[in-house]
Amino acid sequence: MLDQGAPPQNRTATVPLSAAARLMRRKPVERLVAEGGQGEGGALRRSLGLWQLTMISIGATLGTGIFVVLGEAVPKAGPAVTLSFVIAGLTALFSALSYAELAGTIPVAGSSYSYAYATMGELIAWVCGWCLVLEYGVSVAAVAVGWGEYLNELLKGTIGVTIPAALSAPPGDGGVFNLPALIVVLLAMVFLMGGAKESARANTIMVCVKIAALVMFCAIGVQGFRSGNYSHFMPLGMSGVSAAGATLFFSYIGFDAASTAGEEAKNAQRDLPRAIMLSLVIVTALYVLVAAVAVGAKPWQRFNDSEAALAQIMRDVTGQSFWGTLLAFCAVIAIASVVLTVLYGQTRILFAMSRDGLVPKVFSRVHPRSGAPRANTVIVSLFCGVLAAAIPLGQLADATSIGTLFAFALVNVAVVVLRRTRPDMHRTFRVPLSPVLPAVGFLFCVWMMGSLSTVTWVVFGGWMAVGLVFYFVYGYRRSRLAAPSVPSEPTAPSAPSEK
């Protein structure tokens, strides 16, 4: 009570004003950019151009819905699955516009987690980041499950043997342990430990293979097209279309993968928006075309017998095993590229969260020689690999969809908030008709989330509860933004220009 001078100043510098203020504290955009690439013991390397960024987005997207989830979605919607792809694509498009604006404005590795941190505060950012862990991590596992299906098709067509069901399917799907799913995740881990540039080079080759495979499927599959397969276009009604669309939204999550490479792009503000939009247009066009040919060549009632649906259609149309085997070979490569790029995105999101103190420091530790977060990559890969080996595909796909939709909804809100709070910031891309289109994107996400099953919502609720417990036990106490020794404004304003 006697000396009210210096002590109160020290107290305000070391003690948060309130718990509520700490939860809502936002990280300045300038500081997000200034810290770009910096990790524990090293920094990420800027080596990716527009071509590589676009290939990362296509690699993470193209193949998931067509090669893997099509067999899950067609029984829900019938021939109208093509409409489901369009609806899911439109939902992704509205969110992609918001992603493009924010990626050009805040070119960092955290994707929508970082965007939420700059606009809506730490607690919302944590919720978004936890959803991204669900989106990317579970997506890796789901795609890896489908990879095993096509590997069996390839082995059957080449050497006449297949991996026993006990070792090629998870519990609940007739197996004990899905060994192929674990193997493909570990292979992706090896590529990622070499660095972003090397991984991008491998991904580009695999993307070219998968595009060629889908074009080949359309050219051959159209020969078996039967108009009668479309005679009852919407046998399960609009509810079936929306349910299939919610599941198929899982196949669009990759378009935002480029935004996770913001700290390894040569010219992030210019190239990230372009890569996001270009990849989404290419992927949507191929999805709708391939789905239309597939349903025309095979009655929709027969799509529930395997995830390797396209290879079976090729074999049925031609009457020869060669074409189905060739497509299975291409699918093995194509789906591996999805695992590679989505796993990459997961590691970079955790890298950003770790740098902010919300998850352990090990996730932001950078290897000095490769410039890659190797420990992060190993931990995430082992987690996703075990998940892929133990959980059935359908449950994984729906869990990924709800996490993705929730994160996308927050991005649509974030772009409007940043327009209001920082209207004078330089933006290399602007969402047209804002806030109308972001609001439409938000409503689309909410609508599709409502189409998912009660079980999926229960799983999502449990996941969020676990995330909130982890935040309040660990992240709330260790957040660098709330730490007294860390200023709220950037300390190195020259960093962005040096990048």
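Everything numeric here is computed off the predicted structure, so don't read it as measured data.

## Focus on the overall build of the protein chain
Alright, step 1. Helix and strand counts for the protein chain stand at 20 helices and two strands.
Alright, step 2. For the protein chain, the residues scored as buried account for 59% of the 499 residues in total.
Alright, step 3. Taking all contacts inside the protein chain whose residues are at least 6 apart in sequence as the whole, residues at least 24 apart take part in 84%.
Alright, step 4. Of the accessible surface of the protein chain, which amounts to about 18,600 Å², a share of 66% is contributed by carbon and sulfur atoms.

## What to know about the nonpolar core
Alright, step 1. With 151 residues, the main nonpolar core has Leu-70, Val-81, Phe-85, Phe-217 and Leu-310 as its most contacted residues.
Alright, step 2. Considering every element that reaches this core, the biggest residue donor is helix 8 (residues 122-158), with 20 residues.
Alright, step 3. Once you skip the residues sitting within four places of it in the chain, Val-81 turns out to touch Leu-70, Ala-73, Val-74, Leu-248 and Val-295.

## A few points about unusual backbone geometry
Among all residues except glycine, the phi angle is most often negative; among peptide bonds, the trans geometry is most common.
Alright, step 1. Geometrically, the link from Ser-434 to Pro-435 is a cis peptide bond, its omega value of 10° lying close to zero.
Alright, step 2. Mapped onto the elements, Pro-435 comes out in the loop between helix 17 (393-421) and helix 18 (436-450).

## What to know about the pattern of salt bridges
Alright, step 1. Counted according to the given criterion, the structure contains 10 salt bridges.
Alright, step 2. Ionic pairing is found between Arg-427 and Glu-101, a salt bridge with its closest N-O pair at 3.1 Å. Note that Arg-427 is positioned in the loop between helix 17 and helix 18 and Glu-101 in helix 6 (residues 81-105), a separation of 326 residues in sequence. Comparing Arg-427 with Glu-101, the two get one shared label, buried.
Alright, step 3. Note that Glu-264 and Arg-348 form a salt bridge whose closest N and O atoms lie 3.0 Å from each other. Residue Glu-264 is found in the loop between helix 12 (237-248) and helix 13 (268-297), and its partner Arg-348 is found in helix 15 (residues 321-355); the two are separated by 84 residues along the sequence. Residue Glu-264 shares its accessibility class with Arg-348, and that shared class is buried.
Alright, step 4. When salt bridges with common partners are traced through the structure, they connect Lys-27, Arg-31, Glu-35, Asp-356 and Arg-480 into a single cluster.

## A word on helix 18
Alright, step 1. Along its 15 residues, helix 18 runs 21 Å from first to last C-alpha, staying within 8% of the 21 Å computed at 1.5 Å per residue.
Alright, step 2. If you check which residues of helix 18 are buried, you get Leu-437, Pro-438, Gly-441, Cys-445, Met-448 and Met-449. Buried residues along helix 18 cover an arc of 120° about the axis, so they all sit on one side. In helix 18, the exposed residues that point more than 90 degrees away from the buried face are Val-436, Leu-443 and Gly-450.

## A short note on the environment of Ile-87
Alright, step 1. Mapped onto the elements, Ile-87 comes out in helix 6.
Alright, step 2. Separated by 162 residues in the primary sequence, Ile-87 and Phe-249 have C-alpha atoms spaced 8.8 Å apart.
Alright, step 3. With residues up to four places along the chain from it excluded, the contact list for Ile-87 reads Met-238, Val-241 and Trp-447.

## Topic: the packing of aromatic side chains
Alright, step 1. Enumeration according to the criterion identifies 20 aromatic pairs in this entry.
Alright, step 2. Between Phe-94 and Phe-444 the ring centres are 5.5 Å apart and the planes differ by 35°, which places this aromatic pair in the tilted class. Here Phe-444 lies in helix 18 and Phe-94 lies in helix 6, a separation of 350 residues in the sequence.
Alright, step 3. Judged by its relative accessible area of 21%, Phe-444 is partly exposed.

## Here we look at the confidence of the model for the protein chain
Alright, step 1. Taken as a whole, the protein chain shows an average pLDDT of 81; of its residues, 88% reach a score of 70 or greater.
Alright, step 2. Taken together, the stretch residues 1-16 has pLDDT below 50 and engages in three contacts with residues farther than four places along the chain or on a different chain.
Alright, step 3. Contacts for the low-pLDDT stretch residues 485-499, under 50 throughout, to residues beyond four places or in other chains number 18 contacts.

## What to know about the side chain of Ser-111
Alright, step 1. Among the structural elements, Ser-111 can be located in the loop between helix 6 and helix 7 (112-119).
Alright, step 2. Residue classification places Ser-111 among the buried positions, given a relative accessible area of 0%.
Alright, step 3. Side-chain polar atoms of Ser-111 contact the side chain of Ser-259, separated by 2.9 Å.
Alright, step 4. With sequence-adjacent residues up to four places away left out, Ser-111 is seen in contact with Tyr-99, Leu-132, Asp-256, Ser-259 and Thr-260.

## Things to note about the packing of helix 6 against helix 18
Alright, step 1. Between helix 6 and helix 18, whose axes approach to 9 Å, the crossing angle comes to 135°. What the angle tells us is that helix 6 and helix 18 run oblique. Of the two elements, helix 6 crosses helix 18, and the hand of that crossing is left-handed. Contact residues: helix 6 offers Ile-87, Ala-88, Thr-91, Phe-94, Ser-95, Leu-97 and Ser-98, while helix 18 offers Leu-437, Pro-438, Val-440, Gly-441, Phe-444, Cys-445, Trp-447 and Met-448.
Alright, step 2. A per-class count over the contact of helix 6 with helix 18 returns 11 nonpolar, four polar and no charged.

Conventions and cut-offs
- Residues numbered from 1 in each chain as written.
- Predicted model: local features only at pLDDT ≥ 70, side-chain atom pairs only at ≥ 80, totals over all residues.
- Heavy atoms only, no water.
- Helix = DSSP H or I, 4+ residues; strand = E, 2+ residues; numbered from the N terminus.
- Buried < 20%, exposed > 50% of the residue type's maximum accessible area, 1.4 Å probe, protein only.
- Contact = heavy atoms within 4.5 Å.
- Areas by Shrake-Rupley, 256 points an atom, 1.4 Å probe, with all protein chains shown as cover.
- Core = buried A, V, L, I, M, F, W, Y, C linked by side-chain atoms within 4.5 Å.
- Salt bridge = Lys/Arg side-chain N within 4 Å of Asp/Glu carboxyl O.
- Expected span 1.5 Å × (residues − 1).
- Arc of directions from axis to C-beta.
- Phe/Tyr/Trp six-rings, centres within 6.5 Å; stacked < 30°, edge-to-face > 60°.
- pLDDT = per-residue confidence, 0-100.
- Polar contact = N/O pair within 3.5 Å; in protein donor to acceptor, adjacent residues only side chain to side chain.
- Axes fitted to C-alpha atoms, helices over the stretch in contact; angles between N-to-C directions.
- Parallel < 35°, antiparallel > 145°, perpendicular 65-115°, else oblique.
- Left-handed = near helix turned anticlockwise from the far one by under 90°.
- Nonpolar A, V, L, I, M, F, W, Y, C, P; charged D, E, K, R; others polar.

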